[in-house]
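# Notes for the structure review
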Amino acid sequence: MITVLGGGGFIGGHLVRHLERLGIEHQAPPRGEPIAGRELGKIVYCIGLTADFRQRPHDAIDAHVCELLEVVRGCSFESLLYLSSARVYLRSAAPAREDDALRFEPLDFEDLFNLSKAMGESIVLALGERGRVARPSNVYGPGQHRTFLAMLLEEARQGSILLQSALRSQKDYVHVADVVDLLAKIALGGRERIYNVASGVSVTSGALVEAIAQATGCSIGVLPDAPAVVFPRIDIERARSEFGFAPSFILDDLPSLIAAGL
């Protein structure tokens, strides 16, 4: 049995529906429901705070570390797969691989999120063979709100996009359907301890907004002196070789995303 913790969130909700479609036995206890002492089987820990961690830093730490500790200390489980983030590679060289050493700067507030995810990873990996970590990149798909892509598409619908980061900024984007399919496979039988969950292709903000503009006819502007935020390309060979992971590409998915009103 798979227990999804955080099943009310974006990735967790998609994972629950994916497990339902596959007919895999699962449960998704609501947040706050007592689970101490219960047999939870294979846990997928999807509890997290991403879009608004800057406004709610303490809540992010609670979600990524404190609630996780309560699960590890108080619950009975066969294994635990922790959803971290590819943001931990912000200061890494490309291509970013699972076994690379991670670098953080405590004086930089942006690293608070990354440090909290790294602490969560350490707690889970200390479980030995029972603990695994998945590092999703920027996940997109139906039902998403308050993310960079969702805000770009909302601005496009209003007729104009104003970027607050430089056109050469770049990230890796991965579809939620590809993410949850891989998470289920890792939870049920992953051989490795850490997995990158990404498309493996970095996309610049310039290429992204140009494709959106071509599809919607919106105008594009960039704030003066907008900073460049460049994440390294993420290597996905581990997931590709073990599971045949072949994710879709965001620029190919844009027409359907726009039509669906993401």
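Above this text you will find the structure in question.
What this report covers is the structure whose coordinates are included nearby. (Residues numbered from 1 in each chain as written. Predicted model: local features only at pLDDT ≥ 70, side-chain atom pairs only at ≥ 80, totals over all residues. Heavy atoms only, no water.)

### Thoughts on the packing of helix α2 (residues 57-74) against helix α3 (residues 111-125)
Filter applied, for reference: Each axis is a line fitted through C-alpha atoms, and for a helix only the stretch in contact is used; angles between axes span 0 to 180 degrees, taken between their N-to-C directions. In DSSP terms, a helix is any run of H or I states spanning at least four residues, a strand is any run of E spanning at least two, and both are numbered starting from the N terminus. Each angle is binned into one of four classes, with values under 35 degrees roughly parallel, values over 145 roughly antiparallel, values of 65 to 115 roughly perpendicular, and all other values oblique. The contact criterion used throughout is that any non-hydrogen atoms of two residues lie within 4.5 Å. Each residue is assigned to one class: nonpolar for Ala, Val, Leu, Ile, Met, Phe, Trp, Tyr, Cys and Pro, charged for Asp, Glu, Lys and Arg, and polar for all the others, Gly among them.
Running from N to C, α2 and α3 cross one another at 5°; their axes reach a closest spacing of 9 Å. The angle between α2 and α3 falls in the class roughly parallel. Here α2 contributes P57, I61, H64, V65, L68, L69 and V72 to the contact with α3, which in turn contributes L112, F113, S116, K117, M119, G120, I123 and V124. Taken together, the residues that form the contact of α2 with α3 break down as 11 nonpolar, three polar and one charged.

### Digging into unusual backbone geometry
A cis amide bond, omega -5°, links A94 with the succeeding residue P95. Phi is positive for D225, which is not a glycine, with a value near 60°. Within the fold, D225 resides in the loop between β11 (219-222) and α7 (237-243).

### With respect to the nonpolar core
Here is a general trend for soluble globular proteins: nonpolar side chains tend to be buried in one another's company. Let me state the cut-off plainly: For our purposes a nonpolar core is just a set of buried Ala, Val, Leu, Ile, Met, Phe, Trp, Tyr and Cys residues, chained together by side-chain atoms within 4.5 Å. With a 1.4 Å probe rolled over the protein chains alone, any residue whose accessible area is under 20% of its type maximum counts as buried; one over 50% counts as exposed, and the rest are partly exposed.
Membership of the largest hydrophobic core comes to 34 residues, with the highest contact counts inside it found for L15 and V44. Those elements that place two or more of their residues in this core are β1 (2-5), α1 (10-22), β4 (79-83), α5 (176-189), β9 (194-197) and α7. Here the element with the most residues in this core is α5; it accounts for eight residues. In this structure, L15 is in contact with V4, V44, C46, V180 and A184, ignoring residues within four places of it in sequence. Among the nonpolar cores identified, the runner-up in size contains 19 residues, and L40, I43, A63 and C75 belong to it.

### A word on the pairing of strand β5 (residues 131-136)
Where we set the bar: For a crossover, the right-handed case is the one in which the path from the first strand over the helix to the second runs clockwise, viewed with the strands pointing away from the viewer. One bridge is not enough; two strands pair if DSSP finds at least two bridges between them.
Counting buried residues in β5 gives six out of six residues, a clear majority hidden from the surface. Neither face of β5 is left uncovered, since the one carrying G131, V133 and R135 and the one carrying R132, A134 and P136 both have all their residues buried. Considered for its hand, the β-α-β crossover made up of β4, α3 and β5 is right-handed. Bridge count between β5 and β9: four bridges; the pairing is parallel. Of the residues in β9, the one forming a bridge with V133 is I194.

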